[in-house]
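The residues making up each chain are set out below.
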Amino acid sequence: MSPGPSAVEVVLSAEEFAELKRWADGAVGTRLAERARIVLACAVGTPNVRVATDLKVTADTVRKWRSRFVAHRLEGLVDMPRSGRRKAELVLSDAERAQLTRWARRANTAQFLALRAKIVLRCAEGAGRGTRGP
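Residues numbered from 1 in each chain as written. Predicted model: local features only at pLDDT ≥ 70, side-chain atom pairs only at ≥ 80, totals over all residues. Heavy atoms only, no water.

## Thoughts on the side chain of asparagine 48
Argument step 1. Here asparagine 48 is to be found in helix H3 (residues 48–55).
Argument step 2. If we ignore the near neighbours within four places in the chain, the residues touching asparagine 48 are Ala7, Cys42, Val62, Arg63 and Arg66. (Helix = DSSP H or I, 4+ residues; strand = E, 2+ residues; numbered from the N terminus. Contact = heavy atoms within 4.5 Å.)

## Some points on H3
Argument step 1. Those residues of H3 not exposed but buried are Asn48, Val51 and Ala52. Considered in projection along H3, the buried side chains sweep an arc of 100° and stay on one side of the axis. For H3, exposure combined with an orientation more than 90 degrees from the buried face picks out Val49 and Thr53.
Argument step 2. Looking at the residues trailing H3, positive phi occurs at lysine 56, about 55°. (Buried < 20%, exposed > 50% of the residue type's maximum accessible area, 1.4 Å probe, protein only. Arc of directions from axis to C-beta.)

## Points about the nonpolar core
Argument step 1. If you look at the biggest cluster of nonpolar residues, it comprises 19 residues, and the most contacted ones within it are Leu20, Trp23, Ile38, Val62, Phe69 and Leu77.
Argument step 2. Sort the elements by how many residues they give to this core and helix H2 (residues 30–43) lands first, with seven residues.
Argument step 3. What phenylalanine 69 contacts, discounting residues up to four positions off in sequence, is Val10, Leu12, Glu16, Leu20, Val39, Leu74 and Leu77.
Argument step 4. The next biggest cluster of nonpolar side chains, apart from the first, holds six residues, and it includes Leu92, Ala104, Ala117 and Leu121. (Core = buried A, V, L, I, M, F, W, Y, C linked by side-chain atoms within 4.5 Å.)

## So, the pattern of salt bridges
When their charged atoms lie close together, side chains carrying opposite charge are able to pair.
Argument step 1. Counted under the stated rule, the structure contains seven salt bridges.
Argument step 2. A salt bridge links aspartate 79 to arginine 35, with the shortest nitrogen-to-oxygen separation between them at 2.8 Å. Note that aspartate 79 is positioned in the loop between helix H4 (59–72) and helix H5 (94–104) and arginine 35 in helix H2, a separation of 44 residues in sequence.
Argument step 3. Judged by its relative accessible area of 41%, aspartate 79 is partly exposed. (Salt bridge = Lys/Arg side-chain N within 4 Å of Asp/Glu carboxyl O.)

## A few points about the environment of alanine 52
Argument step 1. Among the structural elements, alanine 52 can be located in helix H3.
Argument step 2. Since its relative accessible area comes to 5%, alanine 52 is described here as buried.
Argument step 3. Along the chain, alanine 52 and isoleucine 38 lie 14 residues apart, while their C-alpha atoms are 8.1 Å from each other.
Argument step 4. Apart from residues no more than four positions distant in its own chain, alanine 52 is found in contact with Val57, Thr58, Ala59 and Val62.

Below, the structure is given as structure tokens:
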């Protein structure tokens, strides 16, 4: 039985290596740092499954970023704009913000209202789904 198709070879220039190393060391956000670590591991010839195990990601993730790097180089590691409807922006007036802040500070008898007020305030500050505030 064949082990499957071989992975695309990753060859780095000195400049690419230096930039990926900088990214992997935390000069950029966590997503780009992880992608840089994936590409650096692939560049030394490590198989996808081994890179996935070492970096605690899936083999599909390694395959994706290896291929994207080979096709588009460093620009391929940056998030592309997503299709679909953009997230609606929530804009509050000063009066609305003040009212929600008062509701958010209510005693336990109004927990239901206070919780929802806190959620709206966090959304107005740009927090996305699944983001927790203080």
